[in-house]
Amino acid sequence: MSSARPVRIAVDIGGTFTDLQILDARHGRVVAWKTPTTPADPSEGLLTGVREAAVRFGFALAEVGLLLHGTTIATNAVLERKLARGVLLTTAGFEDVLEITRHVRRDIYGLAPDPFPCLIERDRRFGVVERLRADGSVETPLGDLTPVLQRLRDAAPEAVAIGLLHAYANPAHERALRAAVAQALPGVPISLSSDISPEIREYERLSTTVLNALLMPVVQRYLDRLEARLGEGGFAPRIFLVQSNGGMCSLRRAAEQPARLLLSGPSGGALAAERISQRLARPNLVAVDMGGTSFDVSVVQDHRIGLVTQGEVGGLPVRLPMVEMRTIGAGGGSIAAVDAAGRLTAGPRSAGARPGPVCYGRGGVEPTVTDANAVLGRFDPDFFLGGAMALDLGAARAAMEARIGKPLALGREEAAEGVLRVTNAQLAAAVRLSLFEKGLDPRAFSLLSFGGAGGLHATEVADELGITEVIFPREPGTLSAYGILFSDLAQDIARSRLYAAEESQAPALAEAVDSLRAEATARLEADEVPEAQRAVEIAADLRYRGQAFELLVPWPEAPALAPLVARFHAAHRARFSYAAEGDPVEIVTLRATAIGRLDKPAEAMPAAPDAATKPGTRRIWQAGAATDWPVWRREAIRPGEVVDGPAIIEEAFATHVIARHWQASLDPEGAIIARRTA
């Protein structure tokens, strides 16, 4: 898909900053911009950033043809429980599935463990007389709906979730119920489990359906505000939103299925990591995105990012395909504190965009990880955000001394170093767990560092992990937006039905795969994707008979069974260190991904500096003493030039610490490659 207008903009709205990457097809130039997020209405910050970028880089708003948008609006609504008031309609007798969950205790030693979250109270969960069998046949027809519809009117919901038993096998009852509800409550959004998550496991399916329903009014309000801002100054691009699977979807699809946006922003970084893995010929990368509020870890193995069929947001399962990622509350804005036991902590509480770290001078009083870096001299207070924001180092020092230093009987620099040691240990633990759970050795991976705060910690975290190569890509402070810039449209389709992975099932499987392909093609046609830019990828969830979990396995040869089963055995061995190749295998769910390729204009490389530039120096505190470190500007580093650590490399939206015993140099692709020398 292409646009006659030459400018494409990708936007990633985070908790602290809104990041933009702009591609102008006329000369292949990719540039970055950053502006503070406006939490009350994120669309305001988005449009402000676009206008600022237009002035800064010399393009007209009317020249923007595509706006590709990653957003945390759905994630924040779930985490903060700022959701619509909803009602659940389910099969009579199963009203409590949402509250019973899976009988899993997360804290087995807790005397009073926190209950699992339940988004719809018992008096707003209504049973419907009906029953389907697991094969989709009708055991009890849909009964008289008059009583339940009256209860529904009395409840006056803002959204309705409908999740009936075994609706994944036969959606007829859910669709009939939706028609009745739509007539009784015109204009109220309705979410069907057979639409959003037509898969086995009733609790996860119900949880996903409820989340989707309660998000529909929230996301629709945001999309309405965003669309209302279009048209000013000729700014009227075609807009697509990023989904949790890393693909784009239309505004219509986002409004109908907002649960697919729950990892919208972070998935952009994973997409960028996959692209960089291919461009730099680094098949194995562990990508770490450290922004203002969180630290996201994703793993690229053999040039491919991992996908999972189920994730969790705010303690709630979401049964939808999403980029495999681990997130902890550790970012530049994470608040440092001393707890009642005298223990130094960093995060997960964040100062956010407002007031932000103390050094931002916006009213923050609690020191953060960013303040610790500022106190130690790692920032140039006059070059933060390329000089767009001056830092108040005096306020940061005072807060660090009062809140951390005095309670621990430490000087302010020692306190700041303590904050960074605690933070780096948390970051390393998240990376270690992400690799160890897959049986992977960190030493076989390079660390790809990005996000506004990532470069300040990357080489020190790599030291803790035994990783000997760190990559700082171009424009790392806005890399999630860069990944979004080169993504494609993608829609996921799933159908749960149990098949034995045997040749006797080959005709039935071939018919099911053909049906999936046909539905995927129809969706691409509805999105007006030209035939030459369409692709359909097939995958399947497999398990050994008797197992209670599955592995997602690509199936490019579908419907040929032998390569699928062989790939499943290999995946099981890689994940669990064994494969029971003599045991029967089952296919539980068939999946199709409908992909609409967006045009990928050629990307021009930045020009090398004309002449060598000597680095400056800055007084940096480390290991109990202050010494002068070389300070380089990234754009002044020439190919072949070596930066010996300890040193600082600065650019407009990021600062990189090259630790002692590390050397850094510029790759032909424009990335800075740092390697440990001892």
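Look above for the structure.
The shown structure was predicted, so the numbers you read here are calculated from the model rather than taken from an experiment.

Parameters and conventions
- Residues numbered from 1 in each chain as written.
- Predicted model: local features only at pLDDT ≥ 70, side-chain atom pairs only at ≥ 80, totals over all residues.
- Heavy atoms only, no water.
- Helix = DSSP H or I, 4+ residues; strand = E, 2+ residues; numbered from the N terminus.
- Buried < 20%, exposed > 50% of the residue type's maximum accessible area, 1.4 Å probe, protein only.
- Contact = heavy atoms within 4.5 Å.
- Pairing = 2+ DSSP bridges.
- Axes fitted to C-alpha atoms, helices over the stretch in contact; angles between N-to-C directions.
- Phe/Tyr/Trp six-rings, centres within 6.5 Å; stacked < 30°, edge-to-face > 60°.
- Lys NZ or Arg CZ within 6 Å of the ring centre and 35° of its normal.
- Parallel < 35°, antiparallel > 145°, perpendicular 65-115°, else oblique.
- Left-handed = near helix turned anticlockwise from the far one by under 90°.
- Nonpolar A, V, L, I, M, F, W, Y, C, P; charged D, E, K, R; others polar.
- Patch = residues over 30% accessible without salt bridge, like charges linked within 9 Å, V, L, I, M, F, W, Y side chains within 5 Å.
- Areas by Shrake-Rupley, 256 points an atom, 1.4 Å probe, with all protein chains shown as cover.
- Salt bridge = Lys/Arg side-chain N within 4 Å of Asp/Glu carboxyl O.
- Core = buried A, V, L, I, M, F, W, Y, C linked by side-chain atoms within 4.5 Å.
- Polar contact = N/O pair within 3.5 Å; in protein donor to acceptor, adjacent residues only side chain to side chain.

Colleague: Could you clarify how one ought to interpret the overall build of the protein in this entry?
Modeller: On a plain count of helices and strands, the protein comes out with 16 helices and 35 strands. Taking the principal axes of its C-alpha atoms as reference, the protein extends roughly 80 × 60 × 50 Å. Here the protein holds 678 residues, and 57% of them are scored as buried. Looking at the protein alone, contacts between residues at least 24 apart form 68% of all its contacts between residues at least 6 apart.

Colleague: When you look at the sheet that holds strand E32 (residues 647–651) in this model, what are you seeing that I'm missing?
Modeller: Adjacent strands of a sheet pair through backbone hydrogen bonds, lying either parallel or antiparallel. Here we have four strands laid out as an open sheet, ordered E29-E30-E32-E33, and mixed in their pairing. For this open sheet the edge positions go to strand E29 (616–622) and strand E33 (654–658), each flanked by a neighbour on one side alone. Each neighbouring strand pair of the sheet contributes to a mean axis angle of 35 degrees, computed without reference to strand direction. One ladder, built from seven bridges, connects E29 with strand E30 (residues 625–633); its direction is antiparallel. Looking at the pairing, Arg618 lines up with Trp629 of E30.

Colleague: Looking at this model, I keep getting lost on the packing of aromatic side chains. Mind explaining?
Modeller: For the coordinates displayed, the defined rule picks out eight aromatic pairs. When the ring of Tyr360 is compared with that of Phe384, the centres are 5.6 Å apart and the planes differ by 50 degrees; the resulting orientation is tilted. Note that Tyr360 is positioned in the loop between strand E22 (344–350) and helix H10 (369–375) and Phe384 in the loop between H10 and helix H11 (393–408), a separation of 24 residues in sequence. Taken as a pair, Tyr360 and Phe384 share a single burial class, namely buried. Just above the ring of Phe486 sits the side chain of Arg275; from NZ or CZ to the centre is 3.8 Å.

Colleague: Help me out: how do you make sense of the packing of helix H12 (residues 412–436) against helix H13 (residues 458–465) in this one?
Modeller: Between two packed helices, the angle of one axis relative to the other and the distance separating the axes together describe the packing. For the pair H12 and H13, the least separation of the axes is 9 Å and the interaxial angle reads 60 degrees. In terms of orientation, H12 and H13 fall into the oblique class. Helix-helix and strand crossings are classified by hand; for H12 and H13 the assignment is right-handed. Counted together, Asn424, Ala425, Leu427, Ala428, Val431 and Arg432 of H12 and Glu460, Val461, Glu464 and Leu465 of H13 form the full contact between these two elements. Across the contact of H12 with H13, the residue classes tally to six nonpolar, one polar and three charged.

Colleague: Honestly, a nonpolar patch on the surface in this entry has me stumped. Any pointers?
Modeller: Judged by side-chain polarity, Phe549, Phe576 and Tyr578 come together as a nonpolar surface patch covering roughly 290 Å² of accessible area. With relative accessibility at 43%, the residue Tyr578 sits in the partly exposed group.

Colleague: Explain the nonpolar core here, please?
Modeller: Here is a general trend for soluble globular proteins: nonpolar side chains tend to be buried in one another's company. Core analysis: the biggest nonpolar cluster contains 125 residues, and Ile9, Ile22, Leu46, Phe59, Leu262 and Phe295 have the highest contact counts within it. The element best represented in this core is helix H7 (residues 202–229), accounting for twelve residues. With residues up to four places along the chain from it excluded, the contact list for Ile22 reads Val7, Arg8, Ile9, Arg29, Val30, Val31, Trp33, Ala53, Phe57 and Phe59. With 60 residues, the next largest nonpolar core counts Ala272, Met325, Leu448 and Ala592 among its residues.

Colleague: Help me out: how do you make sense of the side chain of Thr368 in this one?
Modeller: As for its position among the elements, Thr368 is in the loop between E22 and H10. Within polar-contact distance, the side chain of Thr368 engages the backbone nitrogen of Thr370 at 3.4 Å.

Colleague: Hey, could you run me through the environment of Pro601 in this one?
Modeller: By the secondary structure assignment, Pro601 is in the loop between strand E28 (585–596) and E29. The spatial distance from the C-alpha of Pro601 to the C-alpha of Asp463 is 38 Å, given a sequence separation of 138 residues. When residues no more than four places from it in sequence are discounted, the contact partners of Pro601 are Arg8, Leu23, Ala25 and Phe486.

Colleague: It is not clear to me how the pattern of salt bridges should be interpreted in this structure. Could you clarify?
Modeller: When the charged atoms of two side chains with opposite charge come close together, those side chains can pair. According to the stated counting rule, one finds 46 salt bridges in the structure shown. The residue Arg26 makes a salt bridge to Glu63 at a minimum N-O spacing of 2.7 Å. Residue Arg26 is found in the loop between strand E2 (17–24) and strand E3 (29–36), and its partner Glu63 is found in the loop between helix H1 (42–57) and strand E4 (64–70); the two are separated by 37 residues along the sequence. According to the relative accessible area criterion, Arg26 is partly exposed, its value standing at 46%. Note that Arg591 and Glu199 form a salt bridge whose closest N and O atoms lie 2.7 Å from each other. Of this pair, Arg591 sits in strand E28 while Glu199 sits in the loop between helix H6 (193–196) and H7; the two residues are 392 residues apart in sequence, bridging distant segments of the chain. What emerges from the salt-bridge pattern is a single network uniting Glu199, Arg201, Arg319, Asp541, Arg543, Arg545, Glu550, Glu586 and Arg591.

Colleague: Help me out: how do you make sense of the sheet that holds strand E6 (residues 125–128) in this one?
Modeller: The four strands are arranged E6-E5-E9-E10 in an open sheet whose pairing can be described as parallel. The sheet is open, and its two edges are formed by E6 and strand E10 (190–192), each paired on a single side. Neighbour-to-neighbour, the strand axes of this sheet turn through a mean angle of 20 degrees, independent of strand direction. Sheet topology note: the strand E5 (residues 86–91)/E6 ladder contains four bridges and is parallel. Residue pairing for E6: Leu88 is matched across the bridge by Arg125. Strands E5, E6 and strand E9 (159–163) of the sheet are contacted by helix H4 (residues 146–155), whose axis makes an angle of about 165 degrees with E6.

Colleague: Where do I start with the environment of Leu456 in this structure?
Modeller: Structurally, Leu456 is set in the loop between strand E23 (446–450) and H13. Residue classification places Leu456 among the buried positions, given a relative accessible area of 2%. Along the chain, Leu456 and Ala654 lie 198 residues apart, while their C-alpha atoms are 8.3 Å from each other.

Colleague: Explain the packing of H1 against H7 to me, please; I cannot follow it from the model alone.
Modeller: Remark: H1 packs on H7, axes separated minimally by 9 Å, with the N-to-C direction vectors making an angle of 30 degrees. By the criterion of interaxial angle, the relationship of H1 to H7 is roughly parallel. Like other packed secondary-structure pairs, H1 and H7 cross with a definite hand, here right-handed. Facing H1, whose interface residues are Pro42, Ser43, Glu44, Leu46 and Leu47, H7 presents Tyr222, Arg225, Leu226 and Arg229. For the contact of H1 with H7, a count of residues per class yields five nonpolar, one polar and three charged.

Colleague: Help me understand the side chain of Ser267, please; the structure alone is not making it clear to me.
Modeller: Here Ser267 shows up in helix H9 (residues 264–279). On the accessibility criterion, Ser267 (0% relative accessible area) is buried.

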